[in-house]
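Below, each chain spelled out in residue letters.
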Amino acid sequence: MNHNDLRNWSKRTADWAHEYHRDLRDRPVRAQTKPGATAAKLPKAAPEAPESPEQIFADFEAIVPDAMTHWQHPRFFAYFPSNAAPASQWAEQLANTISAMCMLWQTSPAATEIEQVMVAWMRQALGLPENFTGTIHDSATTATFSAVLTMRDRISDWESVHTGITHGPTMRIYASAHTHSSVDKAVRMAGIGQDNLVKVPTTDDYGMDPVALVSMIEEDKRAGFAPSGLVLCTGGTSIGACDPIAACLEVAEEYDLYTHVDAAWAGNAMICREFRHLWWGVERADSVVMNPYKGLGAQFDGALQFLRDPAPQIRSLGLRPDYLQTLGEDDTTNFNEWTVPLGRRFRALKLWFVLRAYGLEALRGMIRNHVAWTAELCTAIRALPGFEITSEPSLALFSFRYAPAGAKDLNALNADLLRRINDDGRIYLTQTMHEGKFVIRFTAGTFDCTREDVMSVLDVLSELSRKA
Ligand SMILES: *Cc1c(COP(=O)(O)O)cnc(C)c1O
């Protein structure tokens, strides 16, 4: 295959892509395949001789689409969305074509500078203050890991960058039980250890209790630990819990903790002014992450991390060996120094295309629709015989379960209902454990999702629960 072939196949692929998206509604949302079925269709070793593009493409069509879960399906209501607007897919095609490494300004000046401008556009769109700058990581996990590494090194005044963390008191990081497992992973990877991630109790609304935060910090100080950082969440993954950001950040300031707010999903809604009360006070955080791929259609990968001051993170992560010097341009921004991997994709391009192709007002309209339709569905499920709402809507997320009178093992009943819903294929939902109960999560957010798609959940639930 050469570049002439690529030209032809790109055109055919464009047609295939159009048909794929046009007919997506007719496919089951979750893959209806068994583990091992796809691997069994592939040869055991790579070919020695070239195969034709026709053959490769025919196998793709025969093997792949039916064995995929369709994340752009309008009735994908599982996990959190990973949505991909047409303008984003277009930008990714162009970024793929250029296939640049965007690690230094010199390796990709337009990528670096468009990234800086997109960070500024998004900062304004989200209502964050002017003194925030930032970068685009691959994922929120990487952004959170970067912030936790900064917490680790800052407490030793960056001694640990050279000596490791073998000296000094054991550090402590604080987070609520509703923060994402990426925080647990970050403290593990940072060498801080899971036992030193203190899970602070929450109040009745599932947000972190600032009073409990103070007493846990005090207790740790008395026991000789070194409180180092605080990770808060706006829109926890399980039920969309939001910590009281202002009150918790005030505590962090009192104890000189470095702070990070994980708004990977809910951050998208902050382009709408009316939702910003969910993260009031965020301007006092040191670091904030949001994933535009979880709501704005600038598809995976890409996580925007805003930093009040990038210097501490660069002190932890930035290395400039001889072979990465840019001669004569020592002051340019080299984004690899802000993050974990050296190599970086041109992720800003899709944000640039999406923000221009739709404009902020249309994106706000989409998010408002997702939130409003979610509330409407929640009200309808509440009225559905045998069903109960187990967590109220937080933006476009709520949870429920089937609890008909007299039913015994509700966890098993709901697990079975969920399995039948996803085998049915019209919609796709996932579960969480909430207050010891197996509950079913609903969240809306794909780019083509309509009100009818959301309300179709009601038909599936009433039909399949009757067959239980
Ligand atoms: C999705 C999510 C993450 C993880 O995001 P990745 O980009 O996949 O690493 C972390 N925190 C929250 C709150 C999330 O919703």
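No experiment lies behind these values; they were computed from the predicted model shown.

Engineer: Whenever I open this one, the state of the cysteines confuses me. Can you help?
Structural biologist: Formally, a disulfide is one covalent bond, and it connects the sulfur atom of one cysteine to the sulfur atom of another. Evaluated as defined, the whole model comprises 0 disulfides. Free cysteine: Cys378, not disulfide-bonded; nearest cysteine sulfur from Cys449 at 16 Å. Cysteine Cys449 is unpaired, with the sulfur of Cys272 as its nearest cysteine sulfur at 15 Å. Its relative accessible area of 7% is what places Cys449 among the buried residues.

Engineer: Where do I start with the pairing of strand β7 (residues 303–307) in this structure?
Structural biologist: A regular strand carries its side chains on alternate faces of the sheet. Here β7 lies mainly inside the structure; 5 of its 5 residues are buried. What you see with β7 is no split at all: Ala303, Gln305 and Leu307 on one side and Leu304 and Phe306 on the other are buried throughout. As paired elements, strand β1 (residues 133–137) and β7 share 5 bridges and run antiparallel to each other. Bridge assignment links Thr135 to a residue of β7, and that residue is Gln305. Pairing geometry for strand β6 (residues 287–290) and β7, over 4 bridges, is antiparallel. In the strand pairing of β7, Ser287 is matched with Leu307.

Engineer: Hey, could you run me through the site of the ligand in this one?
Structural biologist: With respect to spatial proximity, 14 residues lie near the ligand, and among them Ala140, Thr141, Asp262, Tyr293 and Lys294 are the closest. Thr141 places a side-chain nitrogen or oxygen 2.5 Å from an oxygen atom of the ligand. Tyr293 is positioned such that a nitrogen or oxygen atom in its side chain is 2.6 Å from an oxygen atom of the ligand. Relative to its unbound accessible surface of 390 Å², the ligand loses 88% to contact with the protein. If you map the ligand onto the pockets, it falls in the second largest pocket. Broken down by class, the residue content of the shell around the ligand amounts to 5 nonpolar, 7 polar and 2 charged.

Engineer: What am I meant to see in the layout of surface pockets here?
Structural biologist: Regions of empty space are outlined by a rolling probe, equal in size to a water molecule, passed over the atoms. If you add up the space inside the largest pocket, you get close to 1,300 Å³. As for the largest pocket, its lining consists of 38 residues, and the residues nearest its centre are Thr13, Trp16, Ala17, Gln89 and Gln93. Secondary structure elements with two or more residues in the lining of the largest pocket: α1 (3–22), α2 (53–63) and α3 (86–98). Of the residues forming the lining of the largest pocket, the biggest block, 11 residues, is contributed by α1. Its residues assigned to classes, the lining of the largest pocket comprises 22 nonpolar, 14 polar and 2 charged. Space inside the second largest pocket adds up to approximately 470 Å³. Lining of the second largest pocket is provided by 27 residues; of these, Tyr79, Phe80, His180, Thr237 and Lys294 occupy positions nearest its centre. When residues of the lining of the second largest pocket are traced back to their parent elements, those giving at least two are α5 (140–154) and β10 (430–434). The dominant element in the lining of the second largest pocket, judged by the number of residues it contributes, is β10, at 3 residues. Its residues placed into classes, the lining of the second largest pocket shows 10 nonpolar, 14 polar and 3 charged. Residues from two domains meet in the lining of the second largest pocket; each of domain 1 (17–80 + 360–468) and domain 2 (101–345) gives at least three.

Engineer: What's the story with the domain arrangement of the protein in this structure? I'm lost.
Structural biologist: Interfaces are often sized by the amount of accessible area the parts lose when they come together. Under the domain assignment, the protein is made up of domain 1 (17–80 + 360–468) and domain 2 (101–345). Between domain 1 and domain 2, the contact holds 21 residues from the first and 21 residues from the second. For the pair domain 1 and domain 2, the summed buried area comes to about 1,800 Å², and 69% of that belongs to carbon and sulfur atoms. Of all residues in domain 1, Phe80, Ile367 and Leu395 give up the largest surface area on contact with domain 2, accounting jointly for 36% of the area buried on that side. Here domain 1 is connected to domain 2 by 1 salt bridge. In this structure, the salt-bridge partner of Arg368 is Glu274, at a minimum N-O distance of 2.6 Å. There are 8 residue pairs in polar contact (both at pLDDT 80 or more) connecting domain 1 and domain 2. Of all the secondary-structure elements, those providing two or more residues to the side of domain 1 that touches domain 2 are α11 (348–382), β8 (387–394), β9 (397–402), β10 and β11 (437–443).

Engineer: When you look at the nonpolar core in this model, what are you seeing that I'm missing?
Structural biologist: General note: in soluble globular proteins, nonpolar side chains tend to be found buried as a group. Core analysis: the largest hydrophobic core is formed by 67 residues, its most contacted members being Met122, Leu126, Leu213, Leu230, Trp279 and Phe306. The leading source of residues in this core is α11, at 10 residues. A domain-level breakdown of this core finds at least three residues from each of domain 1 (17–80 + 360–468) and domain 2 (101–345).

Engineer: So what exactly am I meant to see when it comes to the sheet that holds β10 here?
Structural biologist: In any sheet, the strands associate via hydrogen bonds between backbone groups, in a parallel or an antiparallel arrangement. Here we have 4 strands laid out as an open sheet, ordered β8-β9-β11-β10, and antiparallel in their pairing. The two strands at the open ends of the sheet, each matched to only one other strand, are β8 and β10. Looking at each pair of strands side by side, their axes are set apart by 35° on average, direction ignored. Strand direction decides the pairing type here: β9 and β11, joined by 4 bridges, are antiparallel. Note that in β11 the partner of Phe398 across the bridge is Phe442. Relative to β11, helix α12 (residues 410–424) is tilted by about 35°, and along the sheet it contacts β8, β9, β10 and β11.

Here is what the cut-offs are and how they apply
- Residues numbered from 1 in each chain as written.
- Predicted model: local features only at pLDDT ≥ 70, side-chain atom pairs only at ≥ 80, totals over all residues.
- Heavy atoms only, no water.
- Disulfide = S-S within 2.5 Å.
- Buried < 20%, exposed > 50% of the residue type's maximum accessible area, 1.4 Å probe, protein only.
- Helix = DSSP H or I, 4+ residues; strand = E, 2+ residues; numbered from the N terminus.
- Pairing = 2+ DSSP bridges.
- Near = heavy atom within 4 Å.
- Polar contact = N/O pair within 3.5 Å; in protein donor to acceptor, adjacent residues only side chain to side chain.
- Areas by Shrake-Rupley, 256 points an atom, 1.4 Å probe, with all protein chains shown as cover.
- 1 Å grid on protein atoms, 1.4 Å probe; cavity = no way out; pocket = protein on both sides within 12 Å on 5 of 7 lines; lining within 4 Å.
- Sits in = over half its atoms within 2 Å of the grid points.
- Nonpolar A, V, L, I, M, F, W, Y, C, P; charged D, E, K, R; others polar.
- Points joined across faces, edges and corners; volume = space filled by probe spheres on them.
- Domains from an automatic or database assignment.
- Contact = heavy atoms within 4.5 Å.
- Buried area = accessible area lost by both parts, 1.4 Å probe.
- Salt bridge = Lys/Arg side-chain N within 4 Å of Asp/Glu carboxyl O.
- Core = buried A, V, L, I, M, F, W, Y, C linked by side-chain atoms within 4.5 Å.
- Axes fitted to C-alpha atoms, helices over the stretch in contact; angles between N-to-C directions.

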